[in-house]
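Coordinate inspection notes
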Amino acid sequence: GQQVMQIPQYQHVQEGEDFTTYCNSSTTLSNIQWYKQRPGGHPVFLIQLVKSGEVKKQKRLTFQFGEAKKNSSLHITATQTTDVGTYFCAGRQGGSEKLVFGKGTKLTVNP
Amino acid sequence: KAGVTQTPRYLIKTRGQQVTLSCSPISGHRSVSWYQQTPGQGLQFLFEYFSETQRNKGNFPGRFSGRQFSNSRSEMNVSTLELGDSALYLCASSAPGNTIYFGEGSWLTVV
């Protein structure tokens, strides 16, 4: 079945450092979504990427979708303590409504 | 527009008991999916309902079941509870092909 691998599992950074999490799928995805879950909270939708090679930015966050639509990345520039949480990617295989989540990357930021 | 509402938020059950969790989706959303979240396994897909029909199912034993009503509200049931069923159970609703919106979850502790 479809699998979405996400690395790293954990990332500790000093405030001001950059952070990147990567997602790889075993199959081509129709789209990929990113979610953030704060400690004790529920996942909250950040963004959806649909097109091959697509790049989207939200302030200090940059999202990329690979040319083959099998991988994606989320990059945070100059992390802040408010960035703390777990970041999940989730992808849909073409033609399926089922959303498959990566296991997430837990980000901690030391002030 | 009200978000996804899950009840109860917290509950404690004894091994062998059963539990029913409820989810009210965002108004107009006909797709409801359920996820189990544990520290070790991340977000695992349980099942998805659309227009009262189960459309997708994850790899959980038959003790986990669900249903959806004509008003799109959904319930999931876990029978013969085991200690390993302790988790955050998240419900999410969506319009077809679109992003999913999570509820705050139901924290289940089995003792």
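Residues numbered from 1 in each chain as written. Chains lettered and ligands numbered in written order. Predicted model: local features only at pLDDT ≥ 70, side-chain atom pairs only at ≥ 80, totals over all residues. Heavy atoms only, no water.

Some thoughts on the pairing of strand S6 (residues 55-58) of chain A
Residues and elements named next belong to chain A. Note that S6 and strand S7 (residues 61-65) share four bridges and pair antiparallel. Across the sheet, valine 55 pairs through a bridge with glutamine 64, a residue of S7. Between S6 and the antiparallel strand that follows it, S7, lie two residues; lysine 59 among them carries a positive phi value of about 50°. (Pairing = 2+ DSSP bridges. Helix = DSSP H or I, 4+ residues; strand = E, 2+ residues; numbered from the N terminus.)

Notes on the layout of surface pockets
In this model, the second largest pocket occupies a volume close to 530 Å³. Lining the second largest pocket are 24 residues; nearest its centre among them are Gln37 and Thr86 of chain A together with Gln37, Thr38 and Pro39 of chain B. Secondary-structure elements contributing two or more residues to the lining of the second largest pocket are strand S9 (85-93) and strand S11 (105-110) of chain A together with strand S4 (31-38) of chain B. Per-class residue counts for the lining of the second largest pocket are eight nonpolar, 13 polar and three charged. (1 Å grid on protein atoms, 1.4 Å probe; cavity = no way out; pocket = protein on both sides within 12 Å on 5 of 7 lines; lining within 4 Å. Points joined across faces, edges and corners; volume = space filled by probe spheres on them. Nonpolar A, V, L, I, M, F, W, Y, C, P; charged D, E, K, R; others polar.)

Notes on the interface of chain B and chain A
Opposite the 20 residues of chain B that make contact, chain A presents 16 residues. Buried area between chain B and chain A, summed over both chains or domains, comes out near 1500 Å², and the portion from carbon and sulfur atoms is 56%. In this structure, the connection of chain B to chain A is made through zero salt bridges. Put simply, chain B and chain A have two residue pairs in polar contact (both at pLDDT 80 or more) between them. Looking at the side of chain B that touches chain A, the elements with two or more residues in it are S4, strand S5 (42-50), strand S6 (53-57) and strand S9 (87-94) of chain B. Of the residues belonging to the side of chain B that touches chain A, the class tally is eight nonpolar, eight polar and four charged. (Contact = heavy atoms within 4.5 Å. Buried area = accessible area lost by both parts, 1.4 Å probe. Salt bridge = Lys/Arg side-chain N within 4 Å of Asp/Glu carboxyl O. Polar contact = N/O pair within 3.5 Å; in protein donor to acceptor, adjacent residues only side chain to side chain.)

Re the side chain of glutamine 6 of chain B
Residues and elements named next belong to chain B. Along the chain, glutamine 6 turns up in strand S1 (residues 5-7). On the accessibility criterion, glutamine 6 (5% relative accessible area) is buried. Only 2.9 Å separates the side chain of glutamine 6 from the backbone nitrogen of cysteine 91, close enough to count as a polar contact. Sequence-distant contacts of glutamine 6, that is, excluding residues within four places in its chain, are made with Ser22, Cys23, Trp34, Tyr89, Leu90, Cys91, Gly103, Glu104, Gly105 and Ser106. (Buried < 20%, exposed > 50% of the residue type's maximum accessible area, 1.4 Å probe, protein only.)

As for the sheet that holds strand S8 (residues 71-76) of chain A
Residues and elements named next belong to chain A. On the basis of which strands lie adjacent, the open sheet formed by five strands has the order S1-S3-S8-S7-S6 and antiparallel pairing. Only two strands of the sheet have a single partner each, and these edge strands are strand S1 (4-7) and S6. For this sheet, the mean inter-axis angle between neighbouring strands, taken without regard to orientation, is 15°. Here five bridges tie S7 to S8, and the two strands are oriented antiparallel to one another. What sits directly across from leucine 61, in S8, is isoleucine 76. (Axes fitted to C-alpha atoms, helices over the stretch in contact; angles between N-to-C directions.)

Quick look at the side chain of glutamine 37 of chain B
With respect to the secondary-structure elements, glutamine 37 of chain B resides in strand S4. Only 2.7 Å separates the side chain of glutamine 37 of chain B from the side chain of glutamine 37 of chain A, close enough to count as a polar contact.

Some points on unusual backbone geometry
Note that the residue after isoleucine 7 of chain A, namely proline 8 of chain A, is joined by a cis bond; omega there is -5°. Examined against the element boundaries, proline 8 of chain A turns out to sit in the loop between S1 and strand S2 (10-14). The omega angle of the peptide bond from threonine 7 of chain B to proline 8 of chain B is -10°, so this bond is cis rather than trans. Inspection of the secondary structure assignment puts proline 8 of chain B in the loop between S1 and strand S2 (10-13). Backbone geometry at lysine 59 of chain A places phi at a positive 50°, although glycine is not the residue there. For lysine 59 of chain A, the location among the structural elements is in the loop between S6 and S7. One non-glycine residue, threonine 80 of chain B, adopts positive backbone phi at about 45°. Here threonine 80 of chain B lies in the loop between strand S8 (74-78) and S9.

By themselves, these observations are geometric and do not establish any function.
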